[in-house]
Each structure stands twice: as structure tokens, then as C-alpha cells.
Amino acid sequence: MKFWPRVMAIAWKDILSELRTKEIISSVLVFAVLVLVIFDFAFDLAPNLMLEIAPGVLWVAFAFAGVLALNRAFIPEKEENCLEGLMACPVGREAIYVGKALGSLFFMLLVEAVILPIFALLFNIAVLQPELIVVTLLATVGFVAVGTIFSALAVNTRARELVLPILFLPIVSPIIISAVKASALALGGTGWGGMTSWLSIILAFDVIFMVVPFLVFPYVIEE
Amino acid sequence: MKSTAESSSVSLAVETSGLGKSFGNHQALRGIDLKVAAGSTLAVFGPNGAGKTTLIKILASIMRPTSGSVLVEGLELRDNAEKIRSKLGLVAHQSYLYANLSAWENLDFYARMYGVEDRGKRIGEVLELVGMTTRRHDRLSTFSRGMQQRVALARALLHKPSILLLDEPETGLDQQALSAMWDIIHRDNCGRTTIFTSHSFERALPVCDDVVILERGRIAYKEQTCNLNLDSLKQKYQECTQAVGK
């Protein structure tokens, strides 16, 4: 069966639905900007110290905004039991996972694209660096890849707002830690050479976080 | 009238043997043996918790059985789930439709998922069939339950399925909406096999060829409707459900 047209249909459906309501984008953006503003007022540091703290602040904003977004990723499928409707379609369960992950990735990247310039303004740091953009892209892919499966797991639980961060954040922490470290090096102007080990860790986790959920997802949604 | 196939000469749309499903210690289905002839209509009755929805979900390959096998048009469900799903249309308690999308957008999404060719034309056809053409660009959230169920029916018929599965499609519908729904199903029925679950003997009996009564996951009774009338069916239902209840 045609895998990618179905995947793109699911992702497009999520994007279209979100563009109508802007539920995820608006709440996530407000949250992320608030985090940045609070940290900006909390730390009044010299520029060289700011460079050490700023990557952590940036990834706190990204990570918690991401958790908020992923928490809502499967809610439209829960309403009117649409997930069953998807499962009844002539397509592998894996396509549902990839489609949902692509939709979430789009929202995350969109939010990050808005947050980065605000971060640059508030912390007076140049963010238009290819190294930082690559780190952000790679880390977001892994974050969303594993977050999507936990979102599917959490949506059927009563306390899903609690369950998702409790299950998901410890698992995704290697990617977040590596992203913070790699972002610090990128913002410090170290260049690609100094970032190789952190980028390798992010890439390795990206692969694991894409392959394992892809294989496990059918069992997660069926029972 | 075609009926539940007992003779091997009749081509079968659905055949289950020893079908079972357990949820932990609870056995929702136990040894279901069912043969449904191609083009026939089967009504499945049973009290709440009898296993009707579980049976439909297994036939729709949403749920995996714990034991037994299912053949759909000669194909083993376990090995050919995706291929079989393209032959099935499913209407359940819930509409499977997205509230923030319009009727057209919902149908366009499902048409993509089912790989329907000439999507625009087919969506127009099914919307006309269910009488929702004028509201096609309105969001689902603005529709009444009856209207949503009509669009759900359009969704199920979109890819011209050869087997239609209906799980208590009458839930929440008024008399007028109910009549409209059954009218649509009959109008669009070109040799399609239909399996539906229901609590309404009055509405189901005239439209089906065979009936099955499920009780606690077992087939307690099955008969062709030509051998039944409304009173005898009600009496059988009482006997089946009371016998197990004792």
C-alpha cells in the first residue's frame, strides 16, 4: 500500500485542524515566551556568563513547550474515537505514528522558529548560526519521535498531563542534555569540530527514538 | 434472500471459527463460529457486554482476537489486514470525524487514507447520497448528532466497500434520522454484505437475512429471518438472555 501519501494525509489533517483552532500553537507560544521572559528577569548576568546559562534556558523553553504540544497531539484522535477510524483504514499502524509525528514536528519547529528570535532579543545573543539550527533540528526530531509514542500512551490515561512528562522527560533527557551542551558550543562559536561528540549522541538517540517507537506503536494503540 | 451460509456452495463474505477475545481474565468472546454469505445482511443482537462491539472491532481489524481465525472474502484477516480493511466500511457509536474540519475536509482526508480515485467526484456523490451537500463546507462541530451520523455513513461508503459493518448505528438518532439512515444504506446497497449490531428488533428484523443473538461472548442463537417473526425473535432473545442469567 502507498505509505507516504497516507502519512502526509494524516500530517496535513493535523496541521489543517490546528490552523483552524490554533489551540496548540497559541498556548505553547505563550508558555515558551513566558519562560524566556521570567529567566531573562531572573538572571542579570554579564554577557560571558549569559552565554553559559542561555542554552539551558532555551532548551527548558523548548522542552516544556514541546511537552505541552505533545500532550495535545492525540486529543483530536480521542474525541469521537477518531483513532479507531484511522486504525480501520487500509494502512499500517506505523503510518499513523509517522503522520502524527510529522504533524507534531511541524508545530514544534514553527514554535521554535518564533521562540528563537525572541530569545535572541531578550538575551542579546546571535542565534542565526547554522550550528545552532542543525542542533535544534536534530534534537527536535528525536524529541518528537519519542514524544509521539508517549503521547499516544498517555492519552488513554486519566491524568495524561502528569503521565506524559513523568514518562517522557527521563527518556528524552539524553537528547535535551546533549542539545544544551551542543547549543552552548554553537553559541560560543566553537564551530562544528568541537560539537561532534554531542551531535553524534543526538543522532544516535534520534535513530533509536525513531526506530523503536515505529516498531512498538502498533501494539501501543491496539490494546 | 441470501442468508448465513451453512452450505459450502455459497460464497462467504465473512467466516469466523473459534473466535475468542480476552481482556485479562474477562472473556469477551468465546468460540464464535459464524458464516456470513456474500451480499447478505446479518443482525447481531445481545445485551450490553455480550461482545457485539468486540466482534465488530475484530472483524474491522481494529482489535486482534486472542484465539480463532477470521476469513474475509477468503483472506485470512491476520495476514491480510490492510487489504481487507480496504474492503470494509465501518460505522460505530462515534463518528470517527474531526470536529474542527468541515464535512468535505473530513471526507477528503478519509478518501486519501483509502486511496479513493477521483476524490472530489466521489465525495460529491456520497454527500448527495446522505443529503449533506448544502452543509459540505460547515464544520462538524456545528452539526447535530443525526447529521454527524450521516457524514459518518458517507465516510464508510466513500471507498465503495463490499462489506459494511455497523455497530449500533442507531445510537442517539431520532426516528426520522433512523429511517433516513436505513434508507441510505439500502439505496446504496449493490450486493454489499452488511453486518450490524442493534438493540431494536422492530427496526432490524425487516432489513436482515439472518439474526444472531450473542450472550456473554457466545452465540446463543442463530436463525434465518425467513423462519422468524418479531414475536418469536423477542421470545428467543428472552430465553437466551434469561437462560444464561440463571
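Residues numbered from 1 in each chain as written. Chains lettered and ligands numbered in written order. Predicted model: local features only at pLDDT ≥ 70, side-chain atom pairs only at ≥ 80, totals over all residues.

K.L.:
Describe the interface of chain B and chain A, listing the residues and the values that go with them.
P.N.:
Facing 25 residues of chain B, the contacting portion of chain A comprises 24 residues. When residues of the side of chain B that touches chain A are traced back to their parent elements, those giving at least two are α2 (81-85), β6 (88-91) and α3 (103-113) of chain B. With 4 residues, α3(B) is the largest single contributor of residues to the side of chain B that touches chain A. For the side of chain B that touches chain A, a count of residues per class yields 14 nonpolar, 5 polar and 6 charged. (Contact = placed C-beta atoms within 7 Å. Helix = DSSP H or I, 4+ residues; strand = E, 2+ residues; numbered from the N terminus. Nonpolar A, V, L, I, M, F, W, Y, C, P; charged D, E, K, R; others polar.)

K.L.:
Summarise the packing of helix α8 (residues 160-187) of chain A against helix α9 (residues 192-222) of chain A; cite the residues concerned and give the values.
P.N.:
Two quantities define a packed helix pair, namely the angle between the axes and the distance from one axis to the other. Residue and element names in this part refer to chain A. Put simply, α8 and α9 touch, their axes get as near as 9 Å, and they point 155° apart. Considered as vectors, α8 and α9 are oriented roughly antiparallel to each other. The two elements α8 and α9 cross, and the hand of that crossing is left-handed. When α8 is examined against α9, the residues P174, I175, S178, A179, K181, A182, L185 and A186 are found in contact with a partner set consisting of G194, M195, W198, L199, I201, I202 and F205. (Axes fitted to C-alpha atoms, helices over the stretch in contact; angles between N-to-C directions. Parallel < 35°, antiparallel > 145°, perpendicular 65-115°, else oblique. Left-handed = near helix turned anticlockwise from the far one by under 90°.)

K.L.:
Break down the environment of B:S11 for me, citing the residues and quoting the values.
P.N.:
Looking at where B:S11 falls in the secondary structure, it is placed in the segment before β1 (12-23). On the neighbour-count criterion, B:S11 (12 C-beta atoms within 10 Å) is exposed. (Buried ≥ 20, exposed ≤ 12 C-beta atoms within 10 Å, placed from the backbone.)

K.L.:
Could you give an account of unusual backbone geometry, naming the residues involved and the relevant values?
P.N.:
At A:K22, a residue that is not glycine, the phi angle is positive and equals roughly 55°. Considering the arrangement of structural elements, one finds A:K22 in the loop between α1 (3-21) and α2 (23-42). According to the C-beta neighbour criterion, A:K22 is exposed, with 10 such atoms within 10 Å. At B:E73, a position not held by glycine, the phi torsion is positive, near 50°. With respect to the helices and strands, B:E73 occurs in the loop between β4 (67-72) and β5 (75-76).

K.L.:
I'd like a rundown of the domain arrangement of chain B, residues and numbers included.
P.N.:
Residues and elements named next belong to chain B. Taken domain by domain, chain B holds domain 1 (1-87 + 162-246) and domain 2 (97-160). With centres defined by C-alpha atoms, the gap from domain 1 to domain 2 works out at 25 Å. Each partner contributes residues to the interface: domain 1 has 11 residues there, and domain 2 has 10 residues. Among the elements that line the side of domain 1 that touches domain 2, the one with the most residues is helix α6 (residues 175-187), at 4 residues. Considered class by class, the residues forming the side of domain 1 that touches domain 2 number 6 nonpolar, 2 polar and 3 charged. (Domains from an automatic or database assignment.)

K.L.:
Let's hear about the nonpolar core: which residues, and what values?
P.N.:
A general feature of soluble globular proteins is that nonpolar side chains tend to end up buried together. Judged by nonpolar contacts, the single largest core of 148 residues is most densely connected at B:A154 and B:L165. Taken together, domain 1 (1-87 + 162-246) and domain 2 (97-160) of chain B each give at least three residues to this core, which thus spans both. (Core = buried A, V, L, I, M, F, W, Y, C linked by C-beta atoms within 7 Å.)

K.L.:
So what's going on with the sheet that holds strand β10 (residues 218-224) of chain B? Residues and values would help.
P.N.:
Residue and element names in this part refer to chain B. One open sheet holds the 6 strands; their spatial order is β6-β7-β8-β3-β9-β10, and the pairing between them is mixed. Two strands lie at the open edges of the sheet, namely β6 and β10, each paired on one side alone. Neighbour to neighbour, the strand axes of the sheet diverge by 15° on average, direction disregarded. (Pairing = 2+ DSSP bridges.)

K.L.:
Talk me through α3(B); I want residue IDs and the actual numbers.
P.N.:
Counting buried positions over the 11 residues of α3(B) gives 9, a clear majority of the element. Turning to α3(B), its buried residues are B:A103, B:E105, B:N106, B:L107, B:D108, B:F109, B:Y110, B:A111 and B:M113. Tucked into the core, α3(B) has its buried residues touching α1 of chain A together with α4 (119-129) and α5 (145-157) of chain B.

K.L.:
Tell me what's going on with the sheet that holds β1(B), and back it up with residues and numbers.
P.N.:
Spatially, the 4 strands line up as an open sheet ordered β2-β1-β4-β5 (chain B), and their pairing is antiparallel. Each edge of the sheet is formed by a strand with only one pairing partner; in this case those strands are β2 (26-37) and β5 of chain B.

K.L.:
Pulling in residues and values, what's your account of the environment of A:P117?
P.N.:
Tracing the backbone shows A:P117 in helix α6 (residues 93-123). With 18 residues separating them along the chain, A:P117 and A:V135 place their C-alpha atoms 16 Å apart.

K.L.:
Which residues make up the pairing of β2(B), and what are the values?
P.N.:
Residues and elements named next belong to chain B. In this structure, β1 lies alongside β2, joined through 8 bridges in antiparallel fashion. Note on β2: the bridge partner recorded for V14 is V36. Between β1 and β2, which follow one another and run antiparallel, lie 2 residues, and G24 among them has a positive phi close to 65°.

K.L.:
Give a description of the pairing of β10(B) that names residues and reports values.
P.N.:
All names here are of chain B. Pairing between strand β9 (residues 210-215) and β10: 6 bridges, direction antiparallel. Bridge pairing in β10 links I213 to Y221. Hairpin remark: β9 followed by β10, antiparallel, with 2 residues in the connecting loop; positive phi at R216, about 50°.

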